[in-house]
Amino acid sequence: MDKQDGRSVGEPGALRLDDPWYDDLASGWGELDDAGETTDGWGGTQPPPSVPEPRSAPHDEVYLAVQRSAAFQEVRRRYRRFVLPGTVVFLGWYLAYVIAATAAPDLMAHRVAGALNVAMLAGLGQFATTFLLTWAYARHARLRRDSAALDIRWETQELTGGNTR
């Protein structure tokens, strides 16, 4: 690609397209030499990064037992009982606003006070509903789920010996 002032790429002051970040990939990430080691960006080599070991069977059994426990199921039930209806109500309210804006433009253009019309009030209501729902979700989580979830977390930490990897 040439610069717009008429100079070709090889002339002094011309635009350079080579990217210095592309030439040296972040200290050898993704580049392997013949020995299977990565370069460190300074001409040296370093061994490839180690792959984390999978969790041991006891950890998996603990997490599966926690998932099947009545306390965990209660936390999930409380979460679903709030989130699913809240999502349905908010999505319905949003779709009603969009449908009303397209299907009933005369209704939405009806002036309420001064330059304020029904569409503006409904749009502001969307923002207010978003903040109200966020507040209600945080309150519900704090009062109905957080302490139970923290208890489950502590029990899991004790059963796994504090190693979560």
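Residues numbered from 1 in each chain as written. Predicted model: local features only at pLDDT ≥ 70, side-chain atom pairs only at ≥ 80, totals over all residues. Heavy atoms only, no water.

(A) A look at the overall build of the protein chain. When helices and strands are tallied, the protein chain shows five helices and four strands. Listing every helix and strand of the protein chain by position from the N terminus yields α-β-β-α-α-α-β-β-α. Among the 165 residues that make up the protein chain, the fraction classed as buried is 13%. A sequence separation of at least 24 residues applies to 44% of the contacts in the protein chain between residues at least 6 apart. For the protein chain, the accessible area works out to roughly 13,000 Å², and carbon and sulfur atoms hold 62% of it. (Helix = DSSP H or I, 4+ residues; strand = E, 2+ residues; numbered from the N terminus. Buried < 20%, exposed > 50% of the residue type's maximum accessible area, 1.4 Å probe, protein only. Contact = heavy atoms within 4.5 Å. Areas by Shrake-Rupley, 256 points an atom, 1.4 Å probe, with all protein chains shown as cover.)

(B) How the structure looks around helix 3 (residues 70–103). In this model helix 3 runs 48 Å from its N-terminal to its C-terminal C-alpha over 34 residues, within 8% of the 50 Å that 1.5 Å per residue would give. In this structure, the buried residues of helix 3 make contact with helix 5 (118–160). (Expected span 1.5 Å × (residues − 1).)

(C) Local environment of a positive patch on the surface. Taken together, the side chains of Arg-81, Arg-139, Arg-142 and Arg-144 define a basic patch exposed on the protein surface. In terms of residue count, helix 5 provides more of the positive patch than any other element does, three residues in total. Within the element layout of this structure, Arg-144 appears in helix 5. (Patch = residues over 30% accessible without salt bridge, like charges linked within 9 Å, V, L, I, M, F, W, Y side chains within 5 Å. Salt bridge = Lys/Arg side-chain N within 4 Å of Asp/Glu carboxyl O. Lys, Arg positive; Asp, Glu negative; His and termini not counted. Charge placed at Lys NZ, Arg CZ, Asp CG, Glu CD.)

(D) Fine view of the packing of helix 3 against helix 5. Taken N-terminus to C-terminus, the directions of helix 3 and helix 5 make an angle of 175 degrees; their axes are 10 Å apart at the nearest point. It follows from the interaxial angle that helix 3 and helix 5 lie roughly antiparallel. Its residues placed into classes, the contact of helix 3 with helix 5 shows 18 nonpolar, seven polar and three charged. (Axes fitted to C-alpha atoms, helices over the stretch in contact; angles between N-to-C directions. Parallel < 35°, antiparallel > 145°, perpendicular 65-115°, else oblique. Nonpolar A, V, L, I, M, F, W, Y, C, P; charged D, E, K, R; others polar.)

(E) Broad picture of a nonpolar patch on the surface. A surface patch of nonpolar side chains, about 440 Å² in accessible area, is lined by Leu-91, Tyr-94, Leu-95, Val-98 and Ile-99. Residue placement: Ile-99 occurs in helix 3. Exposure remark for Ile-99: the relative accessible area of 53% places this residue in the exposed category.

(F) Summary view of the pattern of salt bridges. One pass over the full model with this rule turns up two salt bridges. Where Glu-74 meets Arg-77, a salt bridge forms, and the shortest distance between an N and an O atom there is 2.3 Å. Linking Glu-74 with Arg-77, this pair stays in helix 3, spanning three residues, or about one helical turn. Glu-74 sits in the partly exposed class, given a relative accessible area of 25%. What emerges from the salt-bridge pattern is a single network uniting Glu-74, Arg-77 and Arg-78.

(G) Expanded view of helix 5. Its axis deflected by about 55 degrees at Arg-145, helix 5 carries its strongest bend there. Two to three positions downstream of the cap, the backbone nitrogen of Ala-119 sits 3.3 Å from a side-chain oxygen, assigning the N-cap of helix 5 to Asn-117. Downstream of helix 5 by one or two residues, Gly-161 has phi in the positive range, about 75 degrees. (Bend = angle between axes of the 7 residues up to and from the residue. Polar contact = N/O pair within 3.5 Å; in protein donor to acceptor, adjacent residues only side chain to side chain.)

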